[in-house]
Amino acid sequence: MALKCGIVGLPNVGKSTLFNAITQAGAESANYPFCTIDPNVGIVNVPDQRLEKLTEIIKPKKTIFTTFEFVDIAGLVAGASRGEGLGNKFLAHIREVDAIAHVVRCFEDDDITHVSGKVDPISDIEVINLELILADMEVLEGRKARLKNKLKASDKEALFEGNLIDRIINDALGEGKAASTLSFNEPEMSIIKHFNLLSMKPVIYVANVSEDEILEADSNPMVQQVKEYAQKEGAGVIPVSAKIEAEIAELSLEEKKEFLQELGLESSGLDLLINAAYTLLGLETYLTAGEQEVRAWTVRRGTKAPQAAGVIHSDFERGFIRAEIVSYDELISAGSFAKARELGKMRLEGKEYVVKDGDVIHFRFNV
């Protein structure tokens, strides 16, 4: 499952610095707007200590983490929806991602210019959000114009879609609110997904603070403002220090752990961001383990066993018979598959079983 999280933000908020740090992809970063013209893509391993522990027990030939794709999207300015700055590129690239990580500057630094001349995180958020809303307005108005003849003929499906468009424009976009602030039923959602509205995409606000403030980021007045704003939207907030993440990126895994301990941090900003994105997108991880490989697989929450098997290979889903499952915690407690089976912790599940995060699964199939 290839999932993309677009990293967005106004120029000079730390967006590309953060991207460079968490992907080590080397995107250009400079103290002026629009230094990142085309989107840079970085694929990173999703950290999972369960894989490391299973590797210790089973000693496979290889260990494969599931991955997450981050896209560093060019900065924008007010007027992007009208093509100002790199607006057209920004809007086109953001349509392709599953979620948005919106980097917001929450620190003062006289050496780093701000595109609007002052550091105001809420103003920054509203600039980008307004451009997304205006772009969505244009999409919906164009969609309704194409329904004109069908609406005149009182076509039932067109009337349903036209009324839905009116509700989104009148109750959300026209009021300066994201489309995601409204509730929709299943028939409405089946139509909305074809609109690919930017303001429907789930958002995580990344509050970029200074190195000195990361341990007490919640006390930062600007971070507090972002949290209050995000709460109204139902969005999450992750405080990070892009500078610290840049330092961590240069370290080995062991050095990284030591560095985080010295700083008094439990997790890096990347780990927190990925975990938040997984929660936001309703994702879970199941595991497979054998002599050849120990591996993590990503599925949507609520996925049933045959569809989870299909993530590995379509033949697994097509010829699904049953799944042999033990929870990660029970497997680790038992110490081996043989012991878990002896203790009655292994179980057989059929086509209606809903896969749970941390399930260690062996699929049985026949094609």
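The sections below set out a description of the structure shown in this document. What you see is a predicted model; the values in this text were computed from it and never measured. (Residues numbered from 1 in each chain as written. Predicted model: local features only at pLDDT ≥ 70, side-chain atom pairs only at ≥ 80, totals over all residues. Heavy atoms only, no water.)

1. Focus on a negative patch on the surface
Here's step 1: On the surface, Glu211, Asp212, Glu213, Glu216 and Glu247 cluster together to form a negatively charged patch.
Here's step 2: Mapping glutamate 216 onto the fold places it in the loop between strand 6 (203-208) and helix 8 (221-233). (Patch = residues over 30% accessible without salt bridge, like charges linked within 9 Å, V, L, I, M, F, W, Y side chains within 5 Å. Areas by Shrake-Rupley, 256 points an atom, 1.4 Å probe, with all protein chains shown as cover. Salt bridge = Lys/Arg side-chain N within 4 Å of Asp/Glu carboxyl O. Lys, Arg positive; Asp, Glu negative; His and termini not counted. Charge placed at Lys NZ, Arg CZ, Asp CG, Glu CD. Helix = DSSP H or I, 4+ residues; strand = E, 2+ residues; numbered from the N terminus.)

2. Here's the deal with the nonpolar core
Here's step 1: Grouped together as the largest cluster of nonpolar side chains are 62 residues, with contacts concentrated most on Phe68, Phe70, Ile94, Cys106 and Tyr205.
Here's step 2: Per-element accounting of this core gives the leading share, 7 residues, to helix 11 (residues 269-281).
Here's step 3: Residues within four places of phenylalanine 68 in sequence aside, it is in contact with Leu3, Cys5, Gly42, Ile43, Val44, Val46, Ala277, Tyr278, Leu281 and Leu283.
Here's step 4: Counting 18 residues, the second-largest nonpolar core is a separate cluster that includes Leu140, Leu164, Ile165 and Ala172. (Core = buried A, V, L, I, M, F, W, Y, C linked by side-chain atoms within 4.5 Å. Buried < 20%, exposed > 50% of the residue type's maximum accessible area, 1.4 Å probe, protein only. Contact = heavy atoms within 4.5 Å.)

3. Quick look at helix 2 (residues 49-58)
Here's step 1: For helix 2, the complete set of buried residues consists of Arg50, Leu51 and Leu54. Taken down its axis, helix 2 places every buried residue within 95 degrees of arc, on the same side.
Here's step 2: The secondary structure elements touched by the buried residues of helix 2 are strand 3 (62-64), strand 8 (283-289), strand 9 (293-300), helix 14 (328-334) and strand 12 (359-365).
Here's step 3: Lysine 59 occupies a position one or two residues after helix 2 and carries a positive phi of about 55 degrees. (Arc of directions from axis to C-beta.)

4. Re the sheet that holds strand 1 (residues 4-8)
Here's step 1: Ordered by their spatial adjacency, 6 strands build an open sheet running 2-4-1-5-6-7, and the pairing between neighbours is mixed. The open sheet has two edge strands with one neighbour each: strand 2 (40-45) and strand 7 (236-240). For this sheet, the mean angle separating the axes of adjacent strands, direction not counted, is 25 degrees.
Here's step 2: In terms of strand pairing, strand 6 meets strand 7 through 5 bridges, oriented parallel. Looking at the pairing, tyrosine 205 lines up with valine 237 of strand 7.
Here's step 3: In this fold helix 8 packs onto strand 5 (99-105), strand 6 and strand 7, with an angle of close to 175 degrees to the strand it touches most, strand 6.
Here's step 4: The sheet strands contacting helix 11 are strand 2, strand 4 (67-72), strand 5, strand 6 and strand 7, and the helix crosses strand 4 at an angle near 100 degrees. (Pairing = 2+ DSSP bridges. Axes fitted to C-alpha atoms, helices over the stretch in contact; angles between N-to-C directions.)

5. Some remarks on the packing of aromatic side chains
For any pair of aromatic rings, the description consists of the separation of the ring centres together with the inter-plane angle of the planes.
Here's step 1: Here the structure, examined in full by the defined rule, presents 6 aromatic pairs.
Here's step 2: Seen from their ring centres, phenylalanine 68 and phenylalanine 70 are 5.3 Å apart, and the 55 degrees between their planes marks the pair as tilted. Side by side, phenylalanine 68 and phenylalanine 70 carry an identical accessibility label, which is buried.
Here's step 3: Between phenylalanine 320 and phenylalanine 363, the ring centres sit 6.3 Å apart and the planes meet at 65 degrees, which makes this aromatic pair edge-to-face. Of the two residues, phenylalanine 320 is situated in strand 10 (residues 320-327) and phenylalanine 363 in strand 12; the sequence distance between them amounts to 43 residues. We note that phenylalanine 320, like phenylalanine 363, is buried.
Here's step 4: Seen from the ring of phenylalanine 107, arginine 105 lies directly overhead, with NZ or CZ sitting 4.8 Å from the centre. (Phe/Tyr/Trp six-rings, centres within 6.5 Å; stacked < 30°, edge-to-face > 60°. Lys NZ or Arg CZ within 6 Å of the ring centre and 35° of its normal.)

6. Looking at the environment of valine 127
Here's step 1: Residue position: valine 127 is located in helix 4 (residues 121-146).
Here's step 2: Since its relative accessible area comes to 23%, valine 127 is described here as partly exposed.
Here's step 3: Separated by 117 residues in the primary sequence, valine 127 and leucine 10 have C-alpha atoms spaced 8.4 Å apart.

7. As for the side chain of threonine 298
Here's step 1: Mapped onto the fold, threonine 298 is located in strand 9.
Here's step 2: Among the polar contacts listed, one links the side chain of threonine 298 to the side chain of threonine 66, at a separation of 2.8 Å.
Here's step 3: One polar contact links threonine 298 to tyrosine 278, side chain to side chain, over a distance of 2.8 Å. (Polar contact = N/O pair within 3.5 Å; in protein donor to acceptor, adjacent residues only side chain to side chain.)

8. Some points on unusual backbone geometry
Here's step 1: Of note, the phi angle at asparagine 12 is positive, near 65 degrees, even though the residue is not glycine.
Here's step 2: With respect to the secondary-structure elements, asparagine 12 resides in the loop between strand 1 and helix 1 (15-23).
Here's step 3: By relative accessible area, asparagine 12 is classed as buried at 16%.
Here's step 4: The residue lysine 59 is not glycine, and still its phi comes out positive at about 55 degrees.
Here's step 5: Along the polypeptide, lysine 59 turns up in the loop between helix 2 and strand 3.

9. Details of the packing of helix 4 against helix 6 (residues 156-171)
Here's step 1: Between helix 4 and helix 6, the least distance of the axes is 10 Å, while the angle of their chain directions is 155 degrees. Regarding the angle of helix 4 to helix 6, the classification is roughly antiparallel. Once helix 4 is placed against helix 6, the crossing between them reads as left-handed. The residues of helix 6 that touch helix 4, namely those facing Met137, Leu140, Glu141, Arg143 and Lys144, are Glu161, Gly162, Ile165, Asp166, Ile168 and Ile169.
Here's step 2: Its residues placed into classes, the contact of helix 4 with helix 6 shows 5 nonpolar, 1 polar and 5 charged. (Parallel < 35°, antiparallel > 145°, perpendicular 65-115°, else oblique. Left-handed = near helix turned anticlockwise from the far one by under 90°. Nonpolar A, V, L, I, M, F, W, Y, C, P; charged D, E, K, R; others polar.)

10. Here's the deal with the side chain of glutamate 161
Here's step 1: Here glutamate 161 lies in helix 6.
Here's step 2: Glutamate 161 gets classed as buried once you look at its relative accessible area, which sits at 10%.

Purely spatial values, then, with no claim about function.
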